[in-house]
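Reading the structure
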Amino acid sequence: MKRDDILDWLHEEDGRRLGGLWRWADTVRGDNVGEAVHLRGLIEISNYCIRQCGYCGLRFGNHELERYRMNEEEIMACVGEAEAYGYGTVVLQSGEDYGIEAKWFESLIGRIKKETRLAVTLSLGERPDEDLETWRKAGADRYLLRFETSDNDLYRLIHPSLPGRKSNRLAILKTLKKLGYETGSGIMIGIPGQTYASLTQDLHLFQRLDLDMVGVGPYIPHSQTPLGQGKWKRMISKRDQVPNTEQMTYKVIALTRIVCPEANIPSTTALDTINREQGRELGLRRGANVVMPNLTPPPYRTQYEIYPSKGGMTEVSPDCHSLLNHRIHSIGRRVGTGRGDRVHRGRTTSPFNGMDLSFSDFIGKNKNYKLRGSKIFGLLL
Ligand code: 5AD
């Protein structure tokens with residue numbers, strides 16, 4: 001998709017045309033990754049962090065937060081739960097915590113790989129290349145590291161580097177790919193100071209990086225952070241500021257699906273947080289194909305406060321688990337079996353390769369596409 005088209009869609013307010021965008025994204029999703037919704041069990045293993053990110057409640061400077069680090073047995077108990085629920089993946093996430101020692105973590109990964117058939121996804125921040133390599137060799141399958149925004153000035157403002165080590169997440173993403181990880185990244189939507197032009201660039205970058213996983217969610221202000229307190233400011237005109245709304249989040253999910261047709265895209269917790277009733281489902285119906293239920297034990301879960309009131313439908317207990325399955329079935333989808341690895345279909349196999357089709361191509365093709373075409377056509381013309 002061309003940059004100008006992305007920009008136009010981000011500004012689109014017409015409900016009927018947006019309806020067309022949701023259907024386009026949903027069609028690209030169905031044709032490339034199918035009807036399965038993959039469940040990834042999220043385990044927030046530590047909320048220690050040495051970073052001072054302006055947006056995140058886990059930042060080092062937040063002294064209000066009680067810190068925790070789970071031990072091996074606690075983590076393995078959650079891993080057991082993921083297996084019992086039939087998930088294909090566990091995601092081990094933390095702040096950037098060097099109390100998680102590379103060697104200790106290597107043996108934990110080895111143990112999960114030996115004792116289960118789960119895919120292991122890591123999300124531990126900007127660790128040195130050697131750590132990433134060690135963990136990959138131990139069997140870790142995937143790594144998530146959002147670049148947050150492709151606008152360099154904004155990134156430097158909200159994400160200060162550590163002394164003597166300039167933060168370069170794009171370089172780390174490249175390393176991850178080279179090491180053979182399935183690689184995921186993403187952004188926040190509506191960061192104060194984020195322009196429509198830079199958001200367009202973010203979407204283009206998803207496509208250029210050929211990401212295996214892309215997570216996007218609304219920025220949610222946290223009162224214990226400089227960004228949440230309005231202290232770190234970047235002046236842009238009101239007209240240029242991207243809103244951190246639910247609607248904008250759906251637009252970005254849909255466009256992400258269109259530019260990265262084969263990627264695994266979660267309907268994120270942040271979206272769930274801003275619309276508890278329907279956020280999760282609407283994300284799934286507008287391009288997403290993954291949900292990450294939270295398996296972190298309750299006392300820790302509330303302490304993993306990246307932003308306020310995190311949670312919602314992803315709370316897991318046996319009851320919630322069946323509710324989640326029910327909600328997935330109620331939108332005509334099924335729960336994925338297996339690991340839910342990134343599919344590689346190649347560009348020519350899909351009748352709707354989102355990457356190469358313009359919106360009018362899509363509408364044109366849908367005229368002859370008996371299953372769903374007429375409705376879409378009727379809706380728009
Ligand atoms: N609002 C929304 N998302 C946030 N994250 C961190 N802080 C916030 C916030 N205040 C996201 C970042 C990070 C991921 C783990 O959580 O994108 O990469």
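Note that the structure is predicted; figures quoted are calculated from it, not measured.

Now for helix H4 (residues 102–115). In a regular helix each residue adds 1.5 Å, so 14 residues correspond to 20 Å; H4 covers 20 Å between its end C-alpha atoms and thus fits that length. Within H4 the residues assigned to the buried category are Ala102, Phe105, Leu108, Ile109 and Ile112. Around the axis of H4, the buried residues are gathered within 120 degrees of arc, so they sit on the same side. Residues of H4 that are exposed and angled more than 90 degrees away from the buried face: Lys103 and Lys114. On its buried side, H4 packs onto strand S1 (36–46), helix H3 (72–84), strand S2 (89–94), strand S3 (119–123) and helix H5 (129–137).

Quick look at the environment of Gly287 now. Among the structural elements, Gly287 can be located in the loop between helix H11 (279–285) and strand S7 (290–291). We classify Gly287 as buried; its relative accessible area is 0%. The sequence separation of Gly287 and Pro261 amounts to 26 residues, and the corresponding C-alpha distance is 9.0 Å. Filtering out sequence-adjacent residues up to four positions away, Gly287 remains in contact with Ala25, Arg29, Ile253, Arg257 and Ile265.

Turning our eyes to something else, we now look at the site of the ligand. By nearness alone, every residue bordering the ligand is listed as Tyr55, Cys56, Arg146, Glu148, Met188, Pro218, Tyr219, Ile220, Ile306 and Tyr307. A distance of 2.6 Å is found between an oxygen atom of the ligand and a side-chain nitrogen or oxygen belonging to Glu148. Taking Ile220, its main chain carries an N or O atom lying 2.7 Å from a nitrogen atom of the ligand. Put simply, the ligand lies in the largest cavity. Of the residues in the shell around the ligand, the class split is eight nonpolar, no polar and two charged.

Before going further, it helps to examine the layout of surface pockets. Its volume calculated, the second largest pocket comes out at about 260 Å³. Together, Phe147, Thr149, Ser150, Asn152, Tyr155, Arg156, Lys166, Ser167, Asn168, Arg169, Leu170 and Leu205 line the second largest pocket. Looking at the lining of the second largest pocket, the elements that each hand over two or more residues are helix H6 (152–158) and helix H7 (169–178). Counting residues per element, the lining of the second largest pocket draws most heavily on H6, which supplies three residues. A breakdown of the residues in the lining of the second largest pocket according to their chemical character gives four nonpolar, five polar and three charged.

Bringing the nonpolar core into the picture now. Judged by nonpolar contacts, the single largest core of 92 residues is most densely connected at Leu92, Phe105 and Leu122. Setting aside its immediate chain neighbours within four residues, Leu122 contacts Leu92, Phe105, Ile109, Trp135, Ala140, Arg142, Tyr143, Leu144 and Tyr181.

We now examine the pairing of S2. Across the six residues of S2, six count as buried, placing the element largely inside the fold. With six bridges joining them, S1 and S2 adopt parallel strand pairing. If you follow Arg40 over to S2, its bridge partner there is Thr89. In this view, the connection linking S1 to its parallel neighbour S2 by way of H3 has right-handed handedness. Pairing of S2 with S3 involves five bridges; the strand directions are parallel. Following the sheet pairing, Gln93 is matched in S3 by Ser123. Between the parallel pair S2 and S3, the chain is carried across by H4, and the sense of this crossover is right-handed.

A few words now on the pattern of salt bridges. Opposite charge on two side chains permits pairing when their charged atoms draw close. Evaluated as defined, the whole model comprises 29 salt bridges. The closest approach of N and O atoms between Lys310 and Glu44, which form a salt bridge, is 2.9 Å. On the criterion of sequence distance, the pair formed by Lys310 in the loop between helix H12 (298–303) and helix H13 (318–330) and Glu44 in strand S1 is long-range, its members being 266 residues apart. Look at Glu44 and you get buried, because its relative accessible area is 2%. Three or more residues joined by partner-sharing salt bridges are found here, namely Arg51, Glu96, Glu126, Glu148, Arg165 and Arg169.

Criteria and thresholds
- Residues numbered from 1 in each chain as written.
- Predicted model: local features only at pLDDT ≥ 70, side-chain atom pairs only at ≥ 80, totals over all residues.
- Heavy atoms only, no water.
- Helix = DSSP H or I, 4+ residues; strand = E, 2+ residues; numbered from the N terminus.
- Expected span 1.5 Å × (residues − 1).
- Buried < 20%, exposed > 50% of the residue type's maximum accessible area, 1.4 Å probe, protein only.
- Arc of directions from axis to C-beta.
- Contact = heavy atoms within 4.5 Å.
- Near = heavy atom within 4 Å.
- Polar contact = N/O pair within 3.5 Å; in protein donor to acceptor, adjacent residues only side chain to side chain.
- 1 Å grid on protein atoms, 1.4 Å probe; cavity = no way out; pocket = protein on both sides within 12 Å on 5 of 7 lines; lining within 4 Å.
- Sits in = over half its atoms within 2 Å of the grid points.
- Nonpolar A, V, L, I, M, F, W, Y, C, P; charged D, E, K, R; others polar.
- Points joined across faces, edges and corners; volume = space filled by probe spheres on them.
- Core = buried A, V, L, I, M, F, W, Y, C linked by side-chain atoms within 4.5 Å.
- Pairing = 2+ DSSP bridges.
- Right-handed = clockwise from strand over helix to strand, strands pointing away.
- Salt bridge = Lys/Arg side-chain N within 4 Å of Asp/Glu carboxyl O.

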